[in-house]
Amino acid sequence: EHKLHSFYTQILEYVENTSKSEEDSILLAGAMMSVARILYFDNLSEQEATQIVEHNTRDFISLIKPTIH
């Protein structure tokens, strides 16, 4: 948990320092999801990776849907 919290904090700090707009933040989130997908498929079984990706994608879509104009 400590390591996960540390990574999460580092990522949020990176976002705060690099995102200049809402669009930047959404694009950065998409890039992070792409990297996560690669890491999941490289380190988990295909079924485990697919389940995680599908679950996270649904969460992401429901999060950004209200921001799409």
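Residues numbered from 1 in each chain as written. Predicted model: local features only at pLDDT ≥ 70, side-chain atom pairs only at ≥ 80, totals over all residues. Heavy atoms only, no water.

**Side note on the overall build of the protein**
Worth spelling out the cut-off: Counting from the N terminus, the helices are DSSP H or I runs at least four residues long and the strands are E runs at least two residues long. Remark: exposure states derive from per-residue accessible area (1.4 Å probe, protein chains only) relative to the maximum for the residue type, with buried under 20%, exposed over 50%, and partly exposed in between. Computed with a 1.4 Å probe, the accessible areas rest on the Shrake-Rupley method; for each residue, only the protein chains presented here act as cover.
The number of helices and strands found in the protein is three helices and zero strands. For the protein, the succession of helices and strands along the chain, N to C, is α-α-α. In the protein, which comprises 69 residues, the proportion classed as buried is 9%. Counting only carbon and sulfur atoms, one obtains 59% of the accessible surface of the protein, whose full area is about 6,000 Å².

**What about the side chain of Ser 19?**
Our working definition: Counted as a polar contact is a pair of N or O atoms within 3.5 Å, where, for protein atoms, one must be capable of donating a hydrogen and the other of accepting one, and residues adjacent in sequence contribute only when both atoms are in side chains. Contact criterion: two residues are considered in contact whenever any of their non-hydrogen atoms come within 4.5 Å of each other.
Relative to the assigned elements, Ser 19 resides in the loop between helix H1 (2-18) and helix H2 (22-43). Taking the relative accessible area as the measure of exposure, Ser 19 reaches 17% and is therefore buried. A distance of 3.4 Å separates polar atoms of two side chains, one belonging to Ser 19 and the other to Ser 25. Setting aside its immediate chain neighbours within four residues, Ser 19 contacts Asp 24, Ser 25 and Leu 28.

**Let's talk about the packing of H1 against H2**
Selection rule: All axes here are fitted lines through C-alpha atoms, helices being fitted over the stretch that makes contact, and every angle between N-to-C directions spans 0 to 180 degrees. Working rule for handedness: look at the near helix, and if it is turned counterclockwise from the far one by less than a right angle, call the crossing left-handed; if clockwise, right-handed.
Across the interface, H1 lies against H2 with an axial gap of 10 Å and an inter-helix angle of 145°. As H1 packs across H2, the resulting crossing turns out to be right-handed. Residues Ile 11, Tyr 14, Val 15 and Thr 18 of H1 form the contact with H2, whose participating residues are Asp 24, Ser 25, Leu 28 and Met 32.

**Section: the confidence of the model for the protein**
Rules: Each residue carries a pLDDT value, the predictor's own confidence for that position, ranging from 0 to 100.
Scored by pLDDT, the protein has a mean of 85; 88% of the residues are at 70 or more. Confidence, read as mean pLDDT per element, is least for helix H3 (residues 46-64) in the protein (80) and greatest for H1 (90).

**A short note on the environment of Leu 44**
Checked against the element boundaries, Leu 44 lands in the loop between H2 and H3. Judged by its relative accessible area of 33%, Leu 44 is partly exposed. With near-sequence residues (within four places) excluded, Leu 44 lies in contact with Ala 49 and Ile 52.

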